[in-house]
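# Geometric and topological summary
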Amino acid sequence: SSGINAEWPLRPGGEAEFTIGQAVSKKSLDLELVHRRWGPKGSVQVSASHTTTTKELVTLQFEGSHLDKKDTFGKSDPFFEIYRVTGGHEALVKRSEVIYNNLNPRWRQIEMSSSQLCACDENAVIKIKVYDYDEASAPDLIGHCTTTLKEMKKIKKEIIQWDLINPKKQGKKRNYKNSGVLKILQCISVKTFSFLDYVSAGLQLNCMVAFDFTASNGHPNTPASLHHLNAQGVNQYTMAWSSIGQVLQDYDWDKMFPAYGFGGALPPNNQVSFEFALNANPQDPNCAGIEGVIQAYQMALQNVALSGPTNCAPIMRTATRYANACATTPNGGQGYLILLILTDGQFTDLNQCVQAIQQASTSPISIIIVGVGNADFSNMEYLDGDKNSHTRGRDIVQFVPFNKYAHTPPLLARELLAELPGQVEKYFSAKKIPPIGKKLH
């Protein structure tokens with residue numbers, strides 16, 4: 001038996017398409033069902049919910065004592081690595097700073113989510129390895145130990161420390177005890193909420209976009225120019241904007257995007273500006289939808305002369321002020337801003353950009369920089385907090401080279417937004433702000 005009642009034959013239904021972003025950013029989604037041959041076939045209401053394991057932000061601090069001396073002409077230069085152990089496989093989670101020439105180091109606090117540390121399982125095995133750093137060769141293992149988050153949390157009631165074991169030395173010495181001791185000084189865990197928790201509760205993501213109008217792009221009338229529009233009115237700048245805009249618009253409540261240019265010479269006096277509205281309306285730089293931004297950009301190409309230098313700190317500061325202003329929406333909701341910077345080369349005001357990023361790190365903002373073309377983007381990598389710790393506070397910068405993903409827009413969008421959920425979570429966690437309708441404890 002097929003399990004289908006012959007008296008109730010299946011009738012042709014309709015189809016509807018929607019994105020996950022549309023579903024989670026609305027309480028419910030009403031969609032029209034349409035059959036490919038016979039047209040409208042009714043409607044369907046979609047609502048999304050998600051189940052999550054309770055996640056915590058874990059703050060840890062360790063110190064070592066009586067570590068083995070590894071350097072011939074000094075002591076040791078110790079650092080540690082934390083690994084999550086799953087099915088015998090070790091995954092690196094966190095690496096500490098190096099403390100030079102010290103056998104009794106006290107390392108700085110480190111933070112990570114419980115999902116990173118132990119997949120939200122307090123009883124999962126965690127391995128900590130302590131090494132001696134060596135500039136000229138691979139680090140030498142001092143010793144390792146294993147623990148669990150549950151054990152580390154006992155620090156509130158008792159002293160928690162572990163012998164650091166070096167397997168090679170243990171195998172050679174009959175009376176071997178340890179290669180030093182690792183002690184936990186602090187283990188604080190605070191309940192956190194996920195990106196989807198905030199979006200489902202009504203978080204509004206706003207997007208501001210800034211286009212590079214410096215002369216290094218090449219004159220727009222020249223086919224080799226990065227600003228040259230093909231017969232369809234498309235170039236690398238519009239492609240990059242469209243890819244990320246398609247994702248972000250589902251979370252944006254009014255689909256209005258503030259759009260700016262920087263490094264262009266404005267009419268009538270050809271004065272260079274580093275934060276001009278693409279629609280030539282500085283009082284209201286908002287553009288309606290993805291196409292509205294593209295139209296304003298195309299119009300600006302006809303009226304604004306490419307100039308320079310590539311100073312980007314002014315637009316970062318403008319975006320930060322905007323982010324602070326939209327932290328609370330008109331209807332009492334929560335807001336967060338994404339600044340998308342599209343540029344063809346290195347920023348000439350790098351130090352000012354670093355300062356602007358440091359100031360912005362406490363505001364509800366993430367900065368995504370897209371490198372267009374084949375220029376040297378090494379200082380963009382420098383600004384990306386994943387690769388350098390030059391900035392204090394929250395990592396809010398993500399850099400992506402456009403050409404690497406130019407032919408796969410979905411991969412481009414995924415790469416551009418890969419760090420956004422974590423950045424949003426860390427902002428609200430640091431401010432101790434729960435999703436609307438929920439409590440921290």
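Residues numbered from 1 in each chain as written. Predicted model: local features only at pLDDT ≥ 70, side-chain atom pairs only at ≥ 80, totals over all residues. Heavy atoms only, no water.

### Thoughts on the pattern of salt bridges
- In this structure the tally under the stated criterion is 8 salt bridges.
- Between glutamate 81 and arginine 95 there is a salt bridge, and its shortest N-O distance comes to 2.7 Å. Of this pair, glutamate 81 sits in strand 4 (residues 78-86) while arginine 95 sits in strand 5 (residues 89-95), placing them 14 residues apart in sequence.
- The exposure class assigned to glutamate 81 is buried, which follows from its relative accessible area of 6%. (Salt bridge = Lys/Arg side-chain N within 4 Å of Asp/Glu carboxyl O. Helix = DSSP H or I, 4+ residues; strand = E, 2+ residues; numbered from the N terminus. Buried < 20%, exposed > 50% of the residue type's maximum accessible area, 1.4 Å probe, protein only.)

### Topic: the pairing of strand 18 (residues 335-343)
- Of all 9 residues that make up strand 18, 9 are buried, and the element is covered over most of its length.
- Burial along strand 18 is two-sided: the face carrying Gly335, Leu337, Leu339, Ile341 and Thr343 and the face carrying Tyr336, Ile338, Leu340 and Leu342 are both buried.
- Alignment of strand 11 (residues 204-212) against strand 18, held across 8 bridges, turns out to be parallel. Looking at the pairing, valine 209 lines up with leucine 340 of strand 18.
- Relative to strand 19 (residues 365-371), strand 18 runs parallel, the two being bridged by 7 bridges. The residue bridging leucine 337 from the neighbouring strand is isoleucine 365, located in strand 19.
- Between the parallel pair strand 18 and strand 19, the chain is carried across by helix 9 (residues 350-360), and the sense of this crossover is right-handed. (Pairing = 2+ DSSP bridges. Right-handed = clockwise from strand over helix to strand, strands pointing away.)

### Things to note about the nonpolar core
- Residues Phe211, Phe213, Trp241, Leu278, Leu342 and Val370 are the most contacted members of the largest nonpolar core, which totals 49 residues.
- With 7 residues, the top contributor of residues to this core is helix 7 (residues 289-303).
- Apart from residues lying up to four places away in sequence, leucine 278 is in contact with Phe211, Phe213, Ala259, Tyr260, Gly261, Val293, Ala296, Tyr297 and Ala300.
- Residues Ala210, Cys353, Ile367 and Phe377 belong to the second largest nonpolar core, which totals 30 residues. (Core = buried A, V, L, I, M, F, W, Y, C linked by side-chain atoms within 4.5 Å. Contact = heavy atoms within 4.5 Å.)

### Structural notes on the packing of aromatic side chains
- Applying the stated criterion across every chain, the model contains 16 aromatic pairs.
- Aromatic side chains phenylalanine 211 and tyrosine 297 sit 4.6 Å apart centroid to centroid with 20° between the ring planes, which places their arrangement in the stacked category. Here tyrosine 297 lies in helix 7 and phenylalanine 211 lies in strand 11, a separation of 86 residues in the sequence. Taken as a pair, phenylalanine 211 and tyrosine 297 share a single burial class, namely buried.
- For the pair tryptophan 241 and phenylalanine 257, a centre-to-centre distance of 5.2 Å together with 80° between the ring planes defines the contact as edge-to-face. (Phe/Tyr/Trp six-rings, centres within 6.5 Å; stacked < 30°, edge-to-face > 60°.)

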